[in-house]
Amino acid sequence: MAATVEKLLLAAPRGYCAGVDRAVQTVERALELYGAPVYVRKEIVHNKHVVEQLRERGAIFVDELNDTVPEGATTVFSAHGVSPAVHEDAQRRGLQTIDATCPLVTKVHREAVKFASEGYTIVLIGHAGHEEVEGTMGEAPEHIVLVETEADVDALEVDDPEKIAYISQTTLSVDETLTIINRLRAKFPAITGPRTDDICYATTNRQAAVKQMASHCDLLLVIGSKNSSNSNRLVQVTRELGTDAHLIDDVSEIDEAWLEGRRVVGISSGASAPEELVQRLVDFFRARGTEQVEEFQVVQEDVRFMLPKAIRQAMVAAGQTPAPAGA
Ligand code: SF4
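Residues numbered from 1 in each chain as written. Predicted model: local features only at pLDDT ≥ 70, side-chain atom pairs only at ≥ 80, totals over all residues. Heavy atoms only, no water.

S.K.: Can you help me understand the sheet that holds strand β6 (residues 121-125) in this one?
M.R.: In a beta sheet, neighbouring strands are held together by backbone hydrogen bonds and run either parallel or antiparallel to one another. The sheet built from 3 strands is open, its strands ordered β7-β6-β8 with parallel pairing. Either end of the sheet is taken by a strand with one partner, and the two such strands are β7 (144-147) and β8 (164-168). Ignoring which end each strand starts from, the neighbouring axes of this sheet average 30° apart. Of the strands in this sheet, β6, β7 and β8 touch helix α7 (residues 174-187), which is tilted by about 155° from β6. (Pairing = 2+ DSSP bridges. Helix = DSSP H or I, 4+ residues; strand = E, 2+ residues; numbered from the N terminus. Axes fitted to C-alpha atoms, helices over the stretch in contact; angles between N-to-C directions. Contact = heavy atoms within 4.5 Å.)

Here you go:
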């Protein structure tokens, strides 16, 4: 067995953001108010434990609104957002839709629509194939080009370099995105962008916390699922600072070899990872003799979002008082 880890540092903030809390609560309330099954297009948030728990309560997750979603069924759209084509498809099928898209993703959709209506070529900085990127691109497919790297910027050709704008996915590496934006600015001096950053507060704060913590620990463990963009970025930015880091869905994925010779282990969790998984990880180390467990607070968060209107109305009709969602 590896030697005892002396100390755990728990990054703060970590875990659930307001957008994830809102999306998960939306499915929970929909199950209570309308009864099972409730259909959910895509994973409501990118965490396998959350998805499994909701599935056990009667949520049915589907990849697309194909024929497995019966006409008129209650259907929730995930936190990552959907394109207008998906909304139209749902309307054609007569589905009762509840949109759990995070308001901060909706903000990026609005920017895309605005820039497109003004005739801009829009450079979307993001990861190909991510659901959020697919939803955003669907707002103005004729106007948006995707770039993932600086090399993509170098290769980019646009019709009118005076009429170009950028937007970004909400869950990217803050530093990497800034580098890409600077490359865009150097190549297209007239480029314009959103009034405020598209990378959301939760992504920014979780990265700030692990970056400050990295020099204080020998290893960082990040709780999050493999398809969670913001969780992967926590591992990435920590490794870039020279500290070893691994992404695990839960404590069962720990490799003993990682702990060999480690004195201080840092723990964080992605915006879609429930806190109980962090606490199980802490229990794992305590059971092996770790006595010091300290919070490493970098930023205090107090962001709340209202639940989707359809849920709020249904709660009021059922005599309940809707409260804003937020971790
Ligand atoms: Fe919204 Fe950011 Fe959370 Fe995504 S990570 S759900 S954009 S607050």
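S.K.: In this structure, what is going on with the nonpolar core? I would like to understand it.
M.R.: Val27, Ile44, Val45 and Val76 are the most contacted members of the largest nonpolar core, which totals 28 residues. Taken together, the elements giving at least two residues each to this core come down to α1 (18-34), β2 (38-41), α2 (48-56), β3 (59-62) and α12 (309-317). Apart from residues no more than four positions distant in its own chain, Val27 is found in contact with Val40, Ile44, Leu54, Ala59 and Val76. Listed in part, the 18 residues of the second largest apolar core include Leu221, Ile267, Leu277 and Phe285. (Core = buried A, V, L, I, M, F, W, Y, C linked by side-chain atoms within 4.5 Å. Buried < 20%, exposed > 50% of the residue type's maximum accessible area, 1.4 Å probe, protein only.)

S.K.: Sorry if this is basic, but what is going on with the site of the ligand here?
M.R.: All residues adjacent to the ligand are Cys17, Gly19, Val20, Cys102, Leu104, Val105, Thr170, Thr171, Cys200, Tyr201 and Ala271. With respect to the pocket detection grid, the ligand is positioned in the largest cavity. Grouping the constituent residues of the shell around the ligand by class yields 8 nonpolar, 3 polar and no charged. (Near = heavy atom within 4 Å. 1 Å grid on protein atoms, 1.4 Å probe; cavity = no way out; pocket = protein on both sides within 12 Å on 5 of 7 lines; lining within 4 Å. Sits in = over half its atoms within 2 Å of the grid points. Nonpolar A, V, L, I, M, F, W, Y, C, P; charged D, E, K, R; others polar.)

S.K.: Sorry if this is basic, but what is going on with the pattern of salt bridges here?
M.R.: Scanning all chains against the criterion turns up 24 salt bridges. Across the pair Arg263 and Glu6 runs a salt bridge whose closest N-O atoms are separated by 2.9 Å. Here Glu6 lies in the segment before β1 (7-12) and Arg263 lies in the loop between α10 (256-259) and β11 (264-269), a separation of 257 residues in the sequence. Given a relative accessible area of 45%, Arg263 falls into the partly exposed group. Of the charged contacts in the structure, one is a salt bridge between Asp244 and Arg262, with a shortest N-O distance of 2.7 Å. A residue pair is termed long-range when its members are at least 10 positions apart, and Asp244 in strand β10 (residues 244-248) and Arg262 in the loop between α10 and β11 qualify at 18 residues. Linked through salt bridges whose partners overlap, the residues forming this network are Arg41, Lys42, Asp63 and Glu64. (Salt bridge = Lys/Arg side-chain N within 4 Å of Asp/Glu carboxyl O.)

S.K.: What is the right way to read empty space enclosed by the protein from this model?
M.R.: Empty space among the atoms becomes apparent when a probe as large as a water molecule is rolled across them. By the definition in use, this model includes 2 cavities of 30 Å³ or more. The volume enclosed by the largest cavity comes to roughly 280 Å³. Along its surface, the largest cavity is lined by 23 residues, and Cys17, Val20, His80, Thr171 and Asn230 are the ones closest to its centre. Listing elements by their share of the lining of the largest cavity, those giving two or more residues are α1, α4 (103-117), α8 (201-214) and α9 (229-240). Counting residues per element, the lining of the largest cavity draws most heavily on α8, which supplies 3 residues. Looking at the lining of the largest cavity residue by residue, the classes come out as 11 nonpolar, 11 polar and 1 charged. Put simply, the second largest cavity is a space of about 70 Å³. Every residue along the wall of the second largest cavity is listed here: Ile125, Gly126, His127, Val147, Glu148, Leu172, Ser173, Glu176, Thr177 and Ile180. Looking at the lining of the second largest cavity element by element, the count peaks at 3 residues for α7. Along the lines of polarity and charge, the residues of the lining of the second largest cavity split into 4 nonpolar, 4 polar and 2 charged. (Points joined across faces, edges and corners; volume = space filled by probe spheres on them.)

S.K.: I'm lost on the packing of aromatic side chains in this one. Help?
M.R.: Centre distance and the angle of the planes are the two values used to describe a pair of aromatic rings. For the structure shown, the criterion picks out 2 aromatic pairs. Look at Phe115 and Tyr120: their rings are 5.4 Å apart centre to centre, the planes differ by 70°, and that puts the pair in the edge-to-face class. Each member of the pair, Phe115 as well as Tyr120, carries the same accessibility label: buried. A ring pair is formed by Phe284 and Phe285, whose centres lie 5.1 Å apart and whose planes are at 85°; its orientation type is edge-to-face. A cation over a ring is seen here: Lys163 above Tyr120, with NZ or CZ 4.4 Å from the ring centre. (Phe/Tyr/Trp six-rings, centres within 6.5 Å; stacked < 30°, edge-to-face > 60°. Lys NZ or Arg CZ within 6 Å of the ring centre and 35° of its normal.)

S.K.: So what exactly am I meant to see when it comes to unusual backbone geometry here?
M.R.: If a residue is not glycine, its phi is most likely negative; likewise, a peptide bond is most likely trans. Residue Pro13 follows Ala12 across a cis peptide bond; omega there is 5°. Structurally, Pro13 can be placed in the loop between β1 and α1. Following Ala36, the chain continues to Pro37 via a peptide bond in cis, the omega torsion being 0°. Considering the arrangement of structural elements, one finds Pro37 in the loop between α1 and β2. The backbone of Lys42 shows a phi angle near 70°, a positive value even though the residue is not glycine. Inspection of the secondary structure assignment puts Lys42 in the loop between β2 and α2. Given the relative accessible area of 11%, Lys42 is considered buried.

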